[in-house]
Amino acid sequence: MPVYTAPARDARFIINEVLDLASYNNLPGFEMATPDVVDAVIGEGGKFCAEVLAPLNRIGDTQGCTRHDDGSVTTPEGFKQAFDQFREAGWGTLSQPEEFGGQGMPHVLGFALEEFISSANQSFGMYPGLTNGAVSAIIAQGSQEQKEKYLPKMISNEWTGTMNLTEPQCGTDLGMIRTRAVPNDDGSYAITGTKIFISAGEHDMAENIIHLVLAKTPGAPDSTKGISLFIVPKFLVEEDGSLGERNPVSCGSIEHKMGIHGNATCVLNYDGAKGWLVGEENKGLKAMFIMMNAARLGVGVQGLSQAEVAYQNAVAYALNRRQGRALTGPADPQAQADPIFVHPDVRRMLMDAKAFTEGMRALCLWGALLVDLTHKAQTEQEREEADLLIGLLTPVIKGYGTDKGYEVATNMQQVFGGHGYIEEWGMSQFVRDARIAQIYEGTNGVQAMDLCGRKLAHKGGAAIQAFFKLAADDIARAKDVAGLEEMAAILEKAVGQQQAATMWFMQNAMQNPNHLGAGAHHYMHLMGIVTLGLMWLRMASAAKAQLTETGEDKAFYEAKIVTARYFMDRYLPDAGALRRKIESGSDSMMTLSEEAFATAA
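J.: Please clarify how the overall build of the protein chain should be interpreted in this entry.
T.: A count of helical and extended segments in the protein chain gives 16 helices and 11 strands. Against the compact-globule benchmark of 25 Å for 601 residues, the protein chain has a radius of gyration of 24 Å, which places it among compact chains. For the protein chain, the C-alpha atoms occupy an extent of roughly 80 × 70 × 60 Å along the three principal directions. Within the protein chain, buried positions represent 57% of all 601 residues. Partitioning the contacts of the protein chain with sequence separation of at least 6, the portion at a separation of at least 24 is 74%. Accessible area of the protein chain: about 24800 Å², with a carbon and sulfur share of 52%. The protein chain carries 51 positive and 72 negative side-chain charges, and their two centres are separated by 5 Å.

J.: Sorry, what's going on with helix α2 (residues 35-63) here?
T.: It helps to recall that an α-helix has 3.6 residues per turn; residues three or four apart then point in one direction. Here α2 spans 40 Å end to end across 29 residues, near enough to the 42 Å set by a 1.5 Å rise per residue. At L53, α2 shows its largest kink, close to 40°, and the proline P55 lies no more than four residues downstream. Looking at the residues trailing α2, positive phi occurs at G64, about 65°.

J.: Looking at this model, I keep getting lost on the pairing of strand β4 (residues 180-183). Mind explaining?
T.: Look at any regular strand and the pattern is simple: side chains alternate between the two faces of the sheet. Pairing analysis gives 4 bridges linking β4 to strand β5 (residues 189-199), with the strands arranged antiparallel. For V182, the partnering residue across the bridge sits in β5 and is A190. Here β4 folds back onto β5 in antiparallel fashion, the turn holding 5 residues, of which G187 has a positive phi close to 95°.

J.: Is there a simple way to explain the nonpolar core in this structure?
T.: It is characteristic of soluble globular proteins that their nonpolar side chains tend to be buried jointly. Among the nonpolar cores identified, the biggest contains 190 residues, and L350, M412, V415 and Y523 are the most heavily contacted of them. Ranked by residues supplied to this core, first place goes to helix α7 (residues 344-376) with 18 residues. The residues contacting V415, other than those within four sequence positions of it, are A314, Y317, A318, I340, V346, M349 and L350. With 5 residues, the next largest nonpolar core counts M126, V299, A437 and Y440 among its residues.

J.: So what exactly am I meant to see when it comes to helix α11 (residues 462-479) here?
T.: For α11, which comprises 18 residues, the first-to-last C-alpha distance of 26 Å matches the rise-based estimate of 26 Å (1.5 Å per residue) to within 8%. Three or more residues of α11 are buried, namely A463, I464, A466, F467, F468, L470, A471, D474, I475 and A478. On its buried face, α11 sits against α7, α8 (380-415), α10 (444-455), α12 (485-508) and α13 (513-549).

J.: It is not clear to me how the packing of α8 against α10 should be interpreted in this structure. Could you clarify?
T.: Each packed pair of helices is defined by two parameters, the angle between the axes and the distance between the axes. Following both chains from N to C, one finds α8 and α10 inclined at 155°, their axes separated by 9 Å at the closest point. Comparing the axis directions of α8 and α10 gives the class roughly antiparallel. Every pair of crossing elements has a handedness; the one defined by α8 and α10 is left-handed. Contacts between α8 and α10 involve G391, L392, P395, V396, K398, G399, T402 and D403 from the first element and N444, Q447, D450, L451 and K455 from the second.

J.: Would you mind showing me how to read the packing of aromatic side chains here?
T.: Each pair of aromatic rings is reported with the distance of its centres and the angle of its planes. On inspection of all chains with the given rule, the structure shows 20 aromatic pairs. Ring geometry for F505 and Y523: centres 5.6 Å apart, planes at 45°, overall tilted. You can see F505 sitting in helix α12 and its partner Y523 sitting in helix α13, a full 18 residues away along the chain. On the accessibility criterion, F505 (4% relative accessible area) is buried. Between F567 and Y571, the aromatic rings sit 4.4 Å apart at their centres with planes inclined by 15°, giving stacked as the arrangement. Cluster of aromatic residues (ring-pair linked, three or more members): F48, F79, F83, F86, W91 and F124.

J.: When you look at the layout of surface pockets in this model, what are you seeing that I'm missing?
T.: Where empty space is left becomes clear once a probe the size of a water molecule has been rolled over the atoms. Within this model, the second largest pocket holds a volume of roughly 540 Å³. Along the walls of the second largest pocket sit 20 residues, with Y24, W366, L369, L370 and L373 positioned nearest its centre. Broken down by secondary-structure element, the contributors of at least two residues to the lining of the second largest pocket are α7 and α8. Ranked by residues supplied to the lining of the second largest pocket, first place goes to α8 with 5 residues. Looking at the lining of the second largest pocket residue by residue, the class counts come to 12 nonpolar, 4 polar and 4 charged.

About the criteria used
Residues numbered from 1 in each chain as written. Predicted model: local features only at pLDDT ≥ 70, side-chain atom pairs only at ≥ 80, totals over all residues. Heavy atoms only, no water. Helix = DSSP H or I, 4+ residues; strand = E, 2+ residues; numbered from the N terminus. Rg over C-alpha atoms; globule rule 2.2 N^0.38 Å. Buried < 20%, exposed > 50% of the residue type's maximum accessible area, 1.4 Å probe, protein only. Contact = heavy atoms within 4.5 Å. Areas by Shrake-Rupley, 256 points an atom, 1.4 Å probe, with all protein chains shown as cover. Lys, Arg positive; Asp, Glu negative; His and termini not counted. Charge placed at Lys NZ, Arg CZ, Asp CG, Glu CD. Expected span 1.5 Å × (residues − 1). Bend = angle between axes of the 7 residues up to and from the residue. Pairing = 2+ DSSP bridges. Core = buried A, V, L, I, M, F, W, Y, C linked by side-chain atoms within 4.5 Å. Axes fitted to C-alpha atoms, helices over the stretch in contact; angles between N-to-C directions. Parallel < 35°, antiparallel > 145°, perpendicular 65-115°, else oblique. Left-handed = near helix turned anticlockwise from the far one by under 90°. Phe/Tyr/Trp six-rings, centres within 6.5 Å; stacked < 30°, edge-to-face > 60°. 1 Å grid on protein atoms, 1.4 Å probe; cavity = no way out; pocket = protein on both sides within 12 Å on 5 of 7 lines; lining within 4 Å. Points joined across faces, edges and corners; volume = space filled by probe spheres on them. Nonpolar A, V, L, I, M, F, W, Y, C, P; charged D, E, K, R; others polar.

Honestly, it's all geometry; don't read function into it.
Below, the structure written as structure tokens:
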């Protein structure tokens, strides 16, 4: 049976000591997030995830969701009861605005809890996770009437939410959608069409589901410029807030998927269902991107989460599984064999996983802080810089985070050897569940192109220049700290590789856009490595300060410094190779004819 313990100590370290959340207590909402409150939320939230959600993870994988003849869907055994507990405890309200029933706490706490939920049970976490994304879109683009009508019940998780983009003929190219929205006399629209891959599209855990649906109105441009966004509830909502008749939107089928079986991924059929326009007509893509960006950060957390739970299980296995002897001689002479933990190649995989998960956790939580600062920082300049940085980092968190998360999950399966391939050990589920995170909310190829094609050039390169300055400032400070000079120098060299690759794009991509496309994936990984290196430099600095000041929890802080050095030694050298791949351009990639790819008989 797989195990899971929420990494509460590490989350507290990042939030309280690396990010120093208490230093922001002059900003709205932050005054409530004292270290004691952070500890309580992290501790109790982690306990709920480990004790209530994790035991349901394998059940969700083996049972899946069931569609009935009437189009209704039943979630796996125990999911509804767990969702009731989740709702009653108010976990979904943590970072939501107080105006609509939320607790108004910083997103940092919400992200920490989101990781724990997803590690414990990724399929379960998608139900409230998608609701949060829908809430974000309505807050940003909805009318005051729509906010008052839908948000309180969605934030309380009495109702859940979805996002409906994809159709059978289109995914990334949303300009090809065919779902139609025809105006009704009462100001609503009749929505007709089919949407696929709709996570949490139909289920039995909430009394209503609020679908956010992309559609085109009559005469709209047949491109992304003609897309509008609509609220389409499963049950119509009366003026007094009570539920009325069932809207004609139904689950046609549940997708048969590689993983996340506990989440109902539906084909939804809209047959003249009543919907209400969100924001302006033909401006729906802007509203949906608000939801998608929130979701992309959440998917990045999923990459971290599956790596973390797979890592925990691999560590437990490596400590107990005995095979062979240590290369330097028997580590346990009294036993017939040593634990596989002594073998360097097992250590390599476990250290890679530890360095990634702890670095990625810091990046995700820093990203959450930037989300808060875009709205709540004291000055316009601070808010703008935070917005630039999180816009730049979002495709890195999603793309690099899920690529590496999947890699770590498969390596942790490898630690188990043959047992990792046996379903009962649970490692297969972590690998299968991690795989989807590289695909949905924009494939990682799309993330790479978003980073390189849009974010690097945004506002004349303001975001990437802000990032380079921030990194340079951190490196300069670390060079003045005894014991951190060498790590700072290694990171400085990697930043230089990224700067050179950025300049190469500027000099070559305009004359041949394929050069950008060919190097985008490598650049995303280059920036991911550099960004995690920056996180590790910050964590090493915080750990060294704690060792100097208090001397308490010595083993924890010493492990941080050792792992930081491992990341610098084993990850950052890849920056140079990635730069060289980028600078090789697109010629060898794009020259072959399509016919040359066919296999000859």
